[in-house]
Amino acid sequence: MKSHGRTPSPSVVGACAALGLGALLLTPAVPTARASSHREAPLISQDPEADNTDTYAFVSPDRPDTVTIVANYIPLEEPAGGPNFAAFGDDVLYAINIDNDGDGEEDIQYQFRFRTTIRNRESFLYNTGPITSLDDPNWNMPQTYTVTRVERGKRSVLATRVKIPPVNVGPRSTPDYEALAAAAVTDLPGGVEVFAGQRDDPFFVDLGSVFDLAGLRPFNNAHLLPLDPGPGVDGVGGFNTHSIVIQVPIDQLTRNHKMPRGPDDPAAVIGVYASASRQRMRVLRDDGSIQNGERWVQVSRLAEPLINELIIPLGMKDFWNRSDPAHDERFAQFYRSPELARVVNVLYGDALVALGGAPARTTNRDDLVLILLTGVPLPGGHNLNSTGKTKADLIRLNTAIAPTHPVGQGDPLGVLNGDLAGFPNGRRLEDDVTDIELRAVADGYGTLLNGLFGLPNHSPNNQIGDGVNQNDVPFLEHFPYVGTPNQGYAHEHHRVGSTSTPHLD
Amino acid sequence: MRSSRTRRPGRALAALLALAGLLPAGALADASPADREVATAEQRVGGASPSSDGYVALASAFMRKARESGDPGYYGRAQAAVARALLLDPDHYEALRVVPWVRLGLHDFRGALAAAERARVVEPDDWWNYGTLTDAYAELGDYPHAVEAAQRMVDLRPGLPSYTRAAYLRALYGDRAGAIAIAKLAVEAASPRDPEGRAWALVHLGHEHFAAGDLVAAARAYARALDVFPDYYLALGGLGRVRAAEGRLREAIDLYRRAVAHVPAPDLIAALGDVYEAAGDADQAERQYALVEYVGKVAEAVGTTYGRQLALFYADHDRHPEEALRLARLEAAGRGDIYTDDTLAWACYKSGRLAEAARAAHRALRLGTEDAMLHYHAGAIAAALGHERIAARHLRRALGLNPHFDLRQAPRARAALAALERAALAARDGVR
């Protein structure tokens, strides 16, 4: 196929299209294939509206009797996304799921269903003037949502017609964006707060390098295919996402509906995952009923970061996405013998050894199973976030471990550096999960976990990282915490990070 | 608002220059998403050690380009690319699942079915395989299996690909309202990042509304498609048909001309001719009809054919009835769907083979499809056979479903029905 030097139309039919109709009569035309007079329905399809990007769960630093859960959808949202700006899907069931008894099955589910109103059907414009309030008639397609709590099959609608802010179009359309977003923070009964809408994507990672053969720019010279070292580049920088953020009093989430007595209280740890589902239906209706919505099929789920990207093999991603975390035992082999560890050894093994380190273990990685699938117990009968034997991909949060820092100021290496309020105990916005997971996989666990559990702490394995150590947009100190979305009019992608990586004590 | 509005003329010019060798292909400044995908994939296989993955990506990109451009030449290039992938690795699953997709584009429906079955055996839980199976079964006329495959597909992965197929099958089985309900879901599920996919879903929602006789809703869907994907030939054609049905012939001519300028497909050229004829411009009409024949002859010269489109055109316009029949039979040899049966019925009728026409028309209506054209054809055939009451019932059904179903044929259906009713009245009076 190297000879395909040109991409324009290979047949004369296409050429006719390019030349204009008249030329057809002049050209000795020779079509090269049958025409498409069959109905060619789409097969390739992206589904960003029903695509989880990241999930976060942490005890709220400014309201420590509550847990905040952030479920993000729609990857790499370009802020200049007009005319078809990103929005939640009206036909998608968004859900935040909580397992509070360790069996991997959700005991509590918060469901979110969106509805778009088109104010002027004749217009296709997002807005016809500046949007200065959530009821502004200039906003042609406002969206509202319903929040439903389902606990062990019992449904209760917490709120309907909750407003969301518009997307951050630019200084003319959305001049005071922060005020619009603040107006969309909604109190629900029982001390619950919700927000849904566009936000800056809080994830930070060097996508461009990490997914180019696991490249880490600060360590470019140590790679099997060496390049000059340089600072990391935030591949998610300047992109937005759509966030659903909910803050719930802890005693509404635990299995006994009580505040835990302490971190070792068996009810203290909750497991969280977010999901998106679409409707199935009978293709042929037997009885004339619509039969839409008779059942939902989960098409995306997300708990611990980067699992779908780094652990689950390509051919199993669809299957993984539609399966329930309670059955994740069947994926445990990919944690126990992670392909990523083999890749790290192939690409960096020689350099690590030359610098006094060692290759990562590629089999029997029960440490990864523990961290990512069951939670971690502490020595002496204490608990960090273990939920027992059942293997399930959940963010496990010990709700009785108090927050250590205001939002955004925790130690980016979390538990690796002794900050027990951070990843993998829950996940905070500021946790540098890429570096933590890389070091864990590469057996560079740090002195603390080496001392506590005897986990390997090779050096320089314990220094690797992508050189993107923090988010490009500041987080908010208050709910919904996730940063203001980048505006379409002016934003910057691929901000340069650092040549150094977070320091491990 | 949209820079894409102004994109097309520049692109056409660039393509022209590129064809003339005056401009490197890379200089297609404002390339479409499919162009970019092709360029990226070509780069991947252009290196020292091209991989199967790279060739699969290239095949996929050509398939996307074929859809976007309406140019079937790209199916051949997709086939070549996927063949290279399998040459490097005969068991490459991603290549195996792409093969039936390409075979469908090339109208090798039996080959597509066999290839889809092979891929399904390897990965029975991959929704994709049920998409290609649905399409192959539907084109071969095995609708129960098509429904089964589509059901499995929507159970595994509800979304644009499965919704569009479910909607189509509901419509074929006579459930237009149910089809519209799912077609709307398909539109909602289409990614805003895939304008062509969203536009395709909107155009087919428009077709469902048109088939139900709802011109306003149909026009709205086509207009939305054009807003999402400017100058989309399928949407221009759809809107042209609505405007013609409304008697807004100048607008219809303009829309069809724009559609044909992008993709000179015989059915679009023929429709343009019909509008000229309705507008009283017989010269222009004849020019379009001659152009359809020319395209057909050229296609024939290289051993390929627009088959069904041309057969219908010849039969509809009472030109070359034997040629229509030959093409319809050729088409029916390779596929068994109800629209091929319908084409065969119409071509048989126009060449005076009434018994064969009646059998084919019966097959075309075997699913109970509520399609005005199918009933019109069945009615005309029944009338020719002297089955007046059956004929009148079909014609009434056709006009009841959509009084505007075809600019040229709907008036004929009305005239035929009126004649039958007059005859029935006269017969009754005669008896008295």
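What counts, and where the lines are drawn
Residues numbered from 1 in each chain as written. Chains lettered and ligands numbered in written order. Predicted model: local features only at pLDDT ≥ 70, side-chain atom pairs only at ≥ 80, totals over all residues. Helix = DSSP H or I, 4+ residues; strand = E, 2+ residues; numbered from the N terminus. Rg over C-alpha atoms; globule rule 2.2 N^0.38 Å. Buried ≥ 20, exposed ≤ 12 C-beta atoms within 10 Å, placed from the backbone. Contact = placed C-beta atoms within 7 Å. Axes fitted to C-alpha atoms, helices over the stretch in contact; angles between N-to-C directions. Parallel < 35°, antiparallel > 145°, perpendicular 65-115°, else oblique. Left-handed = near helix turned anticlockwise from the far one by under 90°. Nonpolar A, V, L, I, M, F, W, Y, C, P; charged D, E, K, R; others polar. Pairing = 2+ DSSP bridges. pLDDT = per-residue confidence, 0-100. Expected span 1.5 Å × (residues − 1).

The subject of this paragraph is the overall build of chain A. Scanning chain A from terminus to terminus reveals 11 helices and 14 strands. Taking 505 residues into account, the globule formula puts the C-alpha radius of gyration at 23 Å, and chain A, at 25 Å, falls close to it. Seen through its C-alpha atoms, chain A measures out along the principal axes to roughly 85 × 60 × 50 Å. Every one of the 505 residues in chain A was classed for burial, and the buried ones make up 51%. Considering only contacts within chain A whose residues lie at least 6 apart along the sequence, 65% involve residues at least 24 apart.

What follows is about the overall build of chain B. A tally of regular secondary structure across chain B gives 23 helices and zero strands. Against the 2.2 N^0.38 benchmark of 22 Å for 432 residues, chain B shows a C-alpha radius of gyration of 23 Å, consistent with a compact globule. Overall, the C-alpha framework of chain B stretches about 90 × 45 × 40 Å when taken along its three principal axes. The 432 residues of chain B split such that 58% are buried. Taking contacts inside chain B between residues at least 6 apart in sequence as the whole, the part at least 24 apart equals 47%.

Looking now at unusual backbone geometry. All names here are of chain A. Going from phenylalanine 423 to proline 424, the amide bond is cis rather than trans, its omega being 5 degrees. With respect to the helices, strands and loops of the structure, proline 424 is situated in the loop between β14 (395-398) and α10 (433-441). Look at arginine 161: it is not a glycine, yet its phi comes out positive at around 50 degrees. Take arginine 161: there are 9 C-beta atoms within 10 Å of it, and that puts it in the exposed class.

Our focus in this paragraph is the packing of helix α9 (residues 160-172) of chain B against helix α11 (residues 195-211) of chain B. Residues and elements named next belong to chain B. Running from N to C, α9 and α11 point in directions that differ by 15 degrees, and their axes come no closer than 11 Å. Overall, the two elements α9 and α11 adopt an arrangement that is roughly parallel. Like other packed secondary-structure pairs, α9 and α11 cross with a definite hand, here left-handed. Contacts between α9 and α11 involve Leu160, Thr164 and Ala171 on the former and, on the latter, Gly197, Ala201, His204 and Glu208. Its residues assigned to classes, the contact of α9 with α11 shows three nonpolar, three polar and one charged.

Most of strand β1 (residues 52-59) of chain A is tucked away: eight of the eight residues are buried. Counting the residues that bridge the hairpin from β1(A) to strand β2 (residues 66-77) of chain A gives six residues.

All names here are of chain A. Looking at where leucine 347 falls in the secondary structure, it is placed in helix α8 (residues 339-354). A C-alpha to C-alpha distance of 8.7 Å links leucine 347 and glycine 215, two positions 132 residues apart in sequence. Look past the residues within four positions of leucine 347 in its chain and what remains in contact with it is Leu213, Ala214, His223 and Leu224.

Moving on to the confidence of the model for chain A. Here chain A averages 89 in pLDDT, while 91% of its residues score no lower than 70. Every residue in residues 1-36 of chain A is under pLDDT 50, and counting partners more than four places away or in other chains gives 102 contacts.

The subject of this paragraph is helix α3 (residues 52-69) of chain B. Residue and element names in this part refer to chain B. Look at α3: 25 Å from first C-alpha to last across 18 residues, which is about the 26 Å you get at 1.5 Å a residue. Most of α3 sits inside the fold, with 17 of its 18 residues counted as buried. With its phi angle positive at about 70 degrees, glycine 70 sits one or two positions after the end of α3.

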